[in-house]
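In case you want the letters, here they are:
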Amino acid sequence: MRGQTSVEYLVLLSALLVLLTTLSLSLRDTSEEGMRRTLYLSQARSASGALASALERVISGGEGSVETVTVRLEGRWNLRIGENEVRVEVLWAGEELVAASPCSPGMRGELLNLPAGTYPVIVGWPGDVENLWLENGRIYLYVEPREG
């Protein structure tokens, strides 16, 4: 009789351990996804804020002003410059995590589906060109604000 009771306790204990392990792994995966989502969104906010600030400083400095900022994102992303904002969209798990910072660059442009990585962004007001492009791992953002 004692042997049967011992086996029953072992079976019950084993079942509880399997259940506990499954629950722990599920919670870990959920928390890991949440942390990654938070990281990507934080990086997008930081990037949009840094770019908007650089644009404002270049516009305040006038024609000939140039500033370089570094942007680091760990997921595929889009950069959109609108009339009133700088948007950074990180593409993650089938959704776009969007961060926008207010800014009035007086232009529009976009770079889509950029790979993860660290990019120097050269923000300038050369006075003769207005454009947004990627070349040799650098992003160039040239503005020529219009009076308005």
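Now for a look at the structure at hand.

Here is what the cut-offs are and how they apply
- Residues numbered from 1 in each chain as written.
- Predicted model: local features only at pLDDT ≥ 70, side-chain atom pairs only at ≥ 80, totals over all residues.
- Heavy atoms only, no water.
- Patch = residues over 30% accessible without salt bridge, like charges linked within 9 Å, V, L, I, M, F, W, Y side chains within 5 Å.
- Areas by Shrake-Rupley, 256 points an atom, 1.4 Å probe, with all protein chains shown as cover.
- Salt bridge = Lys/Arg side-chain N within 4 Å of Asp/Glu carboxyl O.
- Helix = DSSP H or I, 4+ residues; strand = E, 2+ residues; numbered from the N terminus.
- Buried < 20%, exposed > 50% of the residue type's maximum accessible area, 1.4 Å probe, protein only.
- Phe/Tyr/Trp six-rings, centres within 6.5 Å; stacked < 30°, edge-to-face > 60°.
- Pairing = 2+ DSSP bridges.
- Axes fitted to C-alpha atoms, helices over the stretch in contact; angles between N-to-C directions.
- Polar contact = N/O pair within 3.5 Å; in protein donor to acceptor, adjacent residues only side chain to side chain.
- Contact = heavy atoms within 4.5 Å.

Here we look at a nonpolar patch on the surface
So, point 1. Taken together, the side chains of Leu12, Leu16 and Leu19 define a hydrophobic patch exposed on the protein surface, amounting to about 310 Å² of accessible area.
So, point 2. Within the secondary structure, Leu19 sits in helix α1 (residues 2-61).
So, point 3. Judged by relative accessible area, Leu19 falls into the exposed class, the value being 57%.

Some remarks on the packing of aromatic side chains
So, point 1. All chains considered together, the criterion is met by 5 aromatic pairs.
So, point 2. Plain terms: the ring middles of Trp133 and Tyr142 are 5.2 Å apart, the flat faces sit at 90° to each other, and that makes the pair edge-to-face.
So, point 3. One aromatic cluster is present, built from ring pairs that chain together Trp133, Tyr140 and Tyr142.

Here's the deal with the sheet that holds strand β1 (residues 66-73)
So, point 1. As summarised here, the arrangement of the 4 strands in space is β1-β6-β8-β7, forming an open sheet in which the pairing is mixed. Taken across any chain shown, the strands that pair with only one partner, and hence form the sheet edges, are β1 and β7 (131-135). When strand polarity is set aside, the average angle formed by the axes of neighbouring strands in this sheet is 20°.
So, point 2. Sheet topology places β7 next to strand β8 (residues 138-142); 5 bridges connect them, and they run antiparallel. Counterpart to Trp133 in the pairing with β8 is Tyr140.

Considerations on the pattern of salt bridges
So, point 1. If you walk through the whole model with that rule in mind, you get 7 salt bridges.
So, point 2. Among the ionic pairs, Arg72 bridges to Glu74, the shortest N-O distance being 3.8 Å.
So, point 3. A salt bridge links Glu89 to Arg80; the nearest nitrogen and oxygen atoms lie 2.9 Å apart.
So, point 4. Residue classification places Glu89 among the buried residues on the basis of a relative accessible area of 2%.
So, point 5. Sharing partners across several salt bridges, the network here consists of Arg80, Glu85, Arg87, Glu89 and Glu110.

A word on the side chain of Ser48
So, point 1. Tracing the sequence through the fold places Ser48 in helix α1.
So, point 2. Given the relative accessible area of 1%, Ser48 is considered buried.
So, point 3. From its side chain, Ser48 meets the backbone oxygen of Arg45 in a polar contact 3.2 Å long.
So, point 4. Of the polar contacts made by the side chain of Ser48, one reaches the side chain of Ser101; its length is 2.9 Å.
So, point 5. In this view, Ser48 contacts Val86, Val88, Ala99, Ala100 and Ser101; residues no more than four positions away in its chain are not counted.

Topic: the side chain of Glu89
So, point 1. Here Glu89 lies in strand β3 (residues 85-92).
So, point 2. Looking at Glu89, its side chain comes within polar contact range of the side chain of Arg87, at 3.0 Å.
So, point 3. What Glu89 contacts, discounting residues up to four positions off in sequence, is Arg76, Trp77, Asn78, Arg80, Glu96, Leu97 and Val98.

Overview of the environment of Asp128
So, point 1. Mapped onto the elements, Asp128 comes out in the loop between β6 (117-124) and β7.
So, point 2. In sequence terms Asp128 and Thr22 are 106 residues apart; their C-alpha atoms lie 62 Å from each other.

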